[in-house]
Amino acid sequence: MGKKLFVVSVMLMTLVFSMSVVSMAEELVFGYAVQDLGNQYWVTVADGVKDKADELGIDVVVLDARTDSSRELSNVEDLIQKKVDAILLSPWDPGAAVSSVEAANRAGIPVFVLDIGVDAGEIETFIVSDNLEGGRIAGEYLADLIEGEGEAAHIQCQLGYKIPALRGEGFTEVMNEKGISIVAKQPADSQRAMGMTVMQNMLQAHPEIDVVFSENDEMALGAYEAVRAARLEDKVKIVGFDGTGDALESIKEGKLFGTVAQQPYKMGEMGVEAAVNFLNGEELPEVTYVPVRLITRDNVE
């Protein structure tokens, strides 16, 4: 074969291969079963999923469980009926989500879990923020704000949630190291309205609270409303977790003191990329950590 003919042949083979990859991507359909699109954090994750899928020419179906594990299972069963090529899952409850994962396993559809873990079932990879370190970062910042002296409160996500619990674990470790007493600890189930109610109860029982760590931004924003209503906004310093748009605006306005920012949009993108890589035959790590960082009034802009 002549040199020119060889080059042309290679170019044609490359073109055919590229076209087949594009064609395969265009035929793929992914499903994303998300726990709660009433929460801005999950809206941002879903945006990352949709935008990356669109960039790659992949159709994606997003279904909202609306904080209901039964609805979540129904959504996953719907995705199975649609014969999607991969299911991305951010469950409402890690235990209840086992049924969803096992249903996908029986159907032979790979599952990729984003941010909230599952207690059992076969998943291909778990993409999650370094939550333990994030909790420690929040604790160190709050301790510095009060120069190591004062009373702290801890607002939790749903009890039994292993991932947010790591945030609380990191925060608690730092408080213990600094000798700062956590005088109140109560779950508010990741909801803004419940965050406000829980904070009201805490302030009634412990009016001398100086700092508050909330395991997500929604609860932190609710907690601030309770603090404002009690006219204690100049005393009580609140830090959340997630880095949502609403939390960043609150920090800019001088309300929340900070948030430990995850990268929810990036997490959504990484979920789609992981699914594509898996379908292309690549071996995935068991866990992929997404870095976190502290956002305060000094660097929020």
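Residue indices begin from 1 for each chain and proceed along its sequence in written order. Selection of residues for local features in this predicted model requires a pLDDT of at least 70, selection of side-chain atom pairs for listing and counting requires 80 or more, and totals for whole chains, interfaces and linings are taken over all residues. Note: side-chain values were computed over all heavy atoms of the structure, leaving out hydrogens and water.

S.K.: Whenever I open this one, the nonpolar core confuses me. Can you help?
M.R.: The nonpolar side chains of soluble globular proteins are, as a tendency, buried together. Residues Phe30, Tyr32, Leu88 and Leu114 are the most contacted members of the largest nonpolar core, which totals 27 residues. Helix numbering and strand numbering both begin at the N terminus, where a helix is a DSSP run of H or I of at least 4 residues and a strand a DSSP run of E of at least 2. Those elements giving two or more residues to this core turn out to be strand 1 (29-34), helix 2 (40-55), strand 3 (86-90), strand 4 (111-114) and helix 10 (264-279). The contact criterion used is simple: two residues touch if any of their non-hydrogen atoms lie within 4.5 Å. Apart from residues lying up to four places away in sequence, Leu88 is in contact with Gly31, Tyr32, Ala33, Val49, Phe112, Leu114, Gly271, Val272 and Ala275. Within this scheme, the nonpolar core is defined by two criteria: the residues are buried Ala, Val, Leu, Ile, Met, Phe, Trp, Tyr or Cys, and they are joined through side-chain atoms within 4.5 Å. To sort residues, take the accessible area from a 1.4 Å probe on protein chains only and compare it with the maximum for the residue type: under 20% means buried, over 50% means exposed, and anything in between is partly exposed. One finds Val198, Ala223, Tyr224 and Val227 within the second-largest nonpolar core, a separate group that totals 26 residues.

S.K.: Explanation requested: the sheet that holds strand 6 (residues 151-156) in the structure shown.
M.R.: The strands that make up a sheet pair up through hydrogen bonds in the backbone, lying either parallel or antiparallel. For two strands to be treated as a pair, DSSP must find no fewer than two bridges joining them. Strand order in the open sheet formed by six strands is 7-6-8-9-10-12, and the pairing between neighbours is mixed. Strand pairing shows two members of the sheet lacking a second neighbour, strand 7 (181-187) and strand 12 (293-296), which therefore form its edges. Recorded for the sheet is a direction-independent mean angle of 20° between the axes of neighbouring strands. The pairing of strand 9 (residues 237-242) with strand 10 (residues 258-261) spans four bridges and is classified as parallel. Of the residues in strand 10, the one forming a bridge with Val239 is Gly258. To get an axis, fit a line to the C-alpha atoms, keeping to the stretch in contact for a helix; angles then go from 0 to 180 degrees between the N-to-C directions.

S.K.: Any chance you could explain the pattern of salt bridges here in plain terms?
M.R.: Note on pairing: side chains with opposite charge can pair once their charged atoms come close. Take a side-chain nitrogen of Lys or Arg and a carboxyl oxygen of Asp or Glu: if they are within 4 Å of each other, that pair is a salt bridge. Counted under the stated rule, the structure contains 15 salt bridges. Put simply, Asp242 and Arg167 hold a salt bridge, and the shortest N to O gap is 3.8 Å. With a gap of 75 residues between them, Asp242 in strand 9 and Arg167 in helix 6 (residues 162-178) connect regions that are remote in the sequence. In this pair, the class of Asp242 matches that of Arg167, namely buried. The partner of Lys255 in a salt bridge is Glu253, with the nearest N and O atoms 3.1 Å apart. Overall, the relative accessible area of 28% leaves Lys255 in the partly exposed class. Three or more residues are tied together by salt bridges with common partners; here these are Lys52, Glu55 and Glu273.

S.K.: Explanation requested: the confidence of the model for the protein chain in the structure shown.
M.R.: Interpreting fine coordinate detail is not advised for predicted regions of low pLDDT. A score from 0 to 100, pLDDT tells how confident the predictor is in each residue. Per-residue confidence for the protein chain gives a mean pLDDT of 91, with 91% of residues at or over 70. The model gives residues 1-23 a pLDDT under 50, and that stretch makes two contacts with residues more than four places away or in other chains.

S.K.: What is the right way to look at the sheet that holds strand 1 in this model?
M.R.: Pairing is parallel in the open sheet, where six strands are placed in the order 2-1-3-4-5-11. Two strands close off the open sheet at either side, each with one partner strand: strand 2 (59-64) and strand 11 (287-290). Recorded for the sheet is a direction-independent mean angle of 20° between the axes of neighbouring strands. Here three bridges tie strand 4 to strand 5 (residues 125-129), and the two strands are oriented parallel to one another. Paired with Leu114 across the two strands is Ile127, which belongs to strand 5.

S.K.: I would appreciate a short explanation of the packing of helix 7 (residues 192-205) against helix 8 (residues 217-229) in the present structure.
M.R.: Between two packed helices, what matters for the description is the angle formed by their axes and the separation of those axes. Here helix 7 crosses helix 8 at 45°, and the two axes come no closer than 7 Å. By the criterion of interaxial angle, the relationship of helix 7 to helix 8 is oblique. For the element pair helix 7 and helix 8, the recorded crossing hand is right-handed. Note on element contacts: helix 8 touches helix 7 through Glu218, Met219, Leu221, Gly222, Ala223, Glu225, Ala226 and Val227, opposite Arg192, Gly195, Met196, Met199, Gln200 and Leu203. For this classification, under 35 degrees means roughly parallel, over 145 means roughly antiparallel, 65 to 115 means roughly perpendicular, and everything else is oblique. In this scheme the crossing of two helices becomes right-handed for a clockwise turn of the near helix relative to the far one and left-handed for an anticlockwise turn of less than a right angle.

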